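Summary of structural features
Residues per chain, in single letters:
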Amino acid sequence: MASFVLLFASCGKDSPKPSHDYMVLDQIEYVKEFPVSIDLPDKGQDTGFDIIGITHFQIFDSLLFVSLKGERNGFWQFYSMENRQLVGKMLGIGQGPNELPFQIYSENDYSIKKKNGELVATIFNSRRGEEYQLNISNTLENDLLDMKLIGSDISRRAVTVKETDGNAFLCREVSNTMTQQNRYLLIDGEKKVPDVLQKLNLAEVVEGEQIEDMNIISTSIRESHGIFLEVPIYLNYINLYSLDGKLSKTICPEKELSNISSILRNSDSLRKHTYTAVATFDAFFGVSFYNHTWTEQGMGLEKSSQIQLFDWSGKPLAAINVNRIVTSFDIYFARGELYLFSSSDDEFVKYDISDLLSQLNDIISQYNKL
């Protein structure tokens, strides 16, 4: 048991606090090592799906969801995990009812969840400040789009809108000065800012710099079990929190936190691109840690990613080393398979990780006994 306690260390008195230079929370934990570390073979198995133009994918039970580029009609598509056949497609670009002005593929613009046994998506149309609910299960079953407007008073400056419990939305919008990204809860048209969001909102970039600098404080946001996970593009840490503040921590896989001002001093091509993907599961979540610069990627010098798995309290579980840039990943639990997609190589492959999944169950059980 003692070995698990030594896998991560909490911050000391001199560790950074929430500020303009650190987009962190009060509790900071540094991961010393993971209980399990594995190296995947350079070549994975072909998934058997012949799909062109994938931007992102997710697995929901026996369905594969993919968002596609270059499709004006049906840019969301669903395939059977069993026979790999197309089950249905939906969403089109246009100005008509229930049409969208652009493709929706950023996870900050949508969420897909199981609700009462049905697969349901919420979708944000930033040009109109509108939030829609799409019943995917009904649409696939009846071959008729089941989509309705559920919110129309959202700021068009918002860059993220996530539905929460209790008829509320977690929004993040760019400040008027273009130096901050302010998070707030939108409840019946009223904005509320819980303490945990105020701390993250302190982060800012220098006024007057390039628009690309805003990406330093940009994150991909996922929600599960009432817990929000924020994964940045350039910072070397993730934030895990509940809106009531009972869970509020920053997790760093390195010895030291990166700060905003030091990243600003480098040109965009020399900034380390830290996290490239995120996935959430019932018992744990995962992030893909790349940690190389755009220049290295463009020259083909570095292609390795590390998929890092954590339980929902932020404890480290496993590190999966991959010899490619992982831009999307998920697990097909029915067969114990890890699916990976790399947009730079247009590779969609899978690996058998059934042994690792058994190990994860044991580790989580031991953590729960501590």
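Above this note sits the structure.
Residues numbered from 1 in each chain as written. Predicted model: local features only at pLDDT ≥ 70, side-chain atom pairs only at ≥ 80, totals over all residues. Heavy atoms only, no water.

1. A few points about the overall build of the protein
Here is the rule: In DSSP terms, a helix is any run of H or I states spanning at least four residues, a strand is any run of E spanning at least two, and both are numbered starting from the N terminus. Think of it in three bands: residues with accessible area under 20% of the maximum for their type are buried, residues over 50% are exposed, and the middle band is partly exposed, with areas taken using a 1.4 Å probe on protein chains only. Any two residues having at least one pair of non-hydrogen atoms within 4.5 Å are treated as being in contact. Every accessible area reported is derived by Shrake-Rupley at a probe size of 1.4 Å, with residue values counting cover from the shown protein chains alone. In this tally Asp and Glu are treated as negative and Lys and Arg as positive; neither His nor the chain ends contributes. Every charge is mapped onto a representative atom, which is NZ of Lys, CZ of Arg, CG of Asp or CD of Glu.
Of the regular secondary structure elements, the protein holds six helices and 27 strands. Overall, the protein is about 60 × 50 × 45 Å in size when its C-alpha atoms are taken along their principal axes. Looking at the protein as a whole, 56% of its 370 residues qualify as buried. Expressed as a percentage of contacts within the protein between residues at least 6 apart in sequence, the contacts between residues at least 24 apart total 50%. Taken as a whole, the protein presents about 16,700 Å² of accessible surface, with 46% of it coming from carbon and sulfur. The positive charge centre, built from 35 side chains, and the negative charge centre, built from 51, are 2 Å apart in the protein.

2. Notes on helix 6 (residues 354-369)
For the record, the criterion: Here the expected span of a helix is defined as 1.5 Å times the quantity of residues minus one. The arc under discussion is defined with respect to the helix axis, by the directions toward the C-beta atoms.
With 16 residues, helix 6 should cover 22 Å at 1.5 Å per step; its first-to-last C-alpha distance of 24 Å lies within 8% of that length. Along helix 6, the residues classified as buried are Leu-356, Leu-357, Leu-360, Ile-363, Ile-364 and Tyr-367. Down the axis of helix 6, the buried set is contained in an arc of 120°. They therefore lie on one face. Residues of helix 6 that are exposed and point more than 90 degrees away from the buried face comprise Asp-355, Asn-361 and Lys-369.

3. As for the packing of aromatic side chains
Note the cut-off: Side-chain rings of Phe, Tyr and Trp (the six-membered ring for Trp) are treated as a pair once their centres are within 6.5 Å; stacked means planes under 30 degrees apart, edge-to-face means over 60, and tilted covers the remaining angles. For a Lys NZ or an Arg CZ to count as sitting over a ring, it must be within 6 Å of the ring centre and within 35 degrees of the ring normal.
What the rule picks out here adds up to 17 aromatic pairs. With centroids separated by 5.0 Å and ring planes inclined at 65°, the aromatic side chains of Trp-76 and Tyr-110 adopt a geometry described as edge-to-face. Taken together, the positions of Trp-76 in strand 7 (residues 73-80) and Tyr-110 in strand 9 (residues 110-115) put the pair 34 residues apart, joining distant regions of the chain. Classification of Tyr-110 as buried rests on a relative accessible area of 1%. Taken together, the aromatic side chains of Phe-49, Phe-57, Tyr-79, Tyr-339, Phe-341 and Phe-348 make up a single cluster linked through ring pairs. When the ring centre of Tyr-367 is taken as origin, the NZ or CZ atom of Lys-315, which lies over that ring, is 5.7 Å away.

4. Some details on the environment of Leu-340
When you line up the elements, Leu-340 lands in strand 26 (residues 337-342). Note: C-alpha distance between Leu-340 and Arg-324 (16 residues apart in sequence) is 9.4 Å.

5. Topic: the sheet that holds strand 15 (residues 181-187)
Which entries qualify depends on this criterion: For two strands to be treated as a pair, DSSP must find no fewer than two bridges joining them. As a rule, the C-alpha atoms of each element are fitted with a line to give its axis, helices using only the stretch in contact, and angles between N-to-C directions run from 0 to 180 degrees.
As summarised here, the arrangement of the four strands in space is 13-14-15-16, forming an open sheet in which the pairing is antiparallel. Lying at the two open borders of the sheet, with one neighbouring strand each, are strand 13 (158-164) and strand 16 (190-192). Averaged over all neighbouring strand pairs, the angle between strand axes comes to 30°, with direction disregarded. Strand direction decides the pairing type here: strand 13 and strand 14 (residues 168-174), joined by six bridges, are antiparallel. Looking at strand 14, one finds that Thr-160 is bridged to Arg-172.

6. Digging into the pattern of salt bridges
So the rule is basically this: One side-chain nitrogen of Lys or Arg within 4 Å of one carboxyl oxygen of Asp or Glu is enough to make a salt bridge.
The full count for this structure, using the stated rule, is 14 salt bridges. Here Lys-249 and Glu-29 are joined by a salt bridge, their closest N and O atoms 3.4 Å apart. Within this pair, whereas Lys-249 is found in strand 20 (residues 248-252), its partner Glu-29 is found in strand 2 (residues 27-31), the two being separated by 220 residues in sequence. Overall, Lys-249 belongs to the buried group, its relative accessible area being 8%. By relative accessible area, which is 5% here, Glu-29 ends up buried.

7. Quick look at the pairing of strand 19 (residues 238-241)
Of the two faces of strand 19, the one holding Ile-238 and Leu-240 and the one holding Asn-239 and Tyr-241 are both buried throughout. With three bridges connecting them, strand 18 (residues 227-232) and strand 19 associate as antiparallel partners. Looking at strand 19, one finds that Leu-229 is bridged to Leu-240. Between strand 18 and strand 19, which pair antiparallel in sequence order, lie five residues.

8. Topic: empty space enclosed by the protein
Empty space left among the atoms is revealed by rolling a probe the size of a water molecule over them. What counts, and what does not: Site definitions follow a grid-based scheme: protein atoms alone, a 1 Å grid, a 1.4 Å probe that fits but cannot get out for cavities, and for pockets an open set with protein on both sides within 12 Å along at least five of seven lines, plus lining residues having an atom within 4 Å of a point. Grid points are joined across faces, edges and corners, and a volume is the space filled by probe spheres set on the points. Under the convention adopted here, Pro, Cys and the residues Ala, Val, Leu, Ile, Met, Phe, Trp and Tyr are nonpolar, Asp, Glu, Lys and Arg are charged, and Gly plus all remaining residues are polar.
Enumeration according to the criterion identifies one cavity of 30 Å³ or more in this entry. Its volume calculated, the largest cavity comes out at about 60 Å³. Taken together, Ser-111, Lys-113, Lys-115, Val-120, Ala-121, Thr-122 and Glu-163 make up the lining of the largest cavity. Of all the secondary-structure elements, those providing two or more residues to the lining of the largest cavity are strand 9 and strand 10 (118-125). In terms of residue class, the lining of the largest cavity is built from two nonpolar, two polar and three charged.

9. Comments concerning the side chain of Gln-181
In plain terms, the rule: Any pair of nitrogen or oxygen atoms within 3.5 Å is treated as a polar contact; in protein, a donor-acceptor pairing is required on top of that, and neighbouring residues in sequence qualify only through side-chain atoms on both sides.
Summarising the element assignment, Gln-181 is placed in strand 15. What makes Gln-181 buried here is its relative accessible area of 3%. Of the polar contacts made by the side chain of Gln-181, one reaches the side chain of Arg-172; its length is 3.1 Å. A polar contact is formed between the side chain of Gln-181 and the backbone oxygen of Met-214, at a distance of 3.4 Å.

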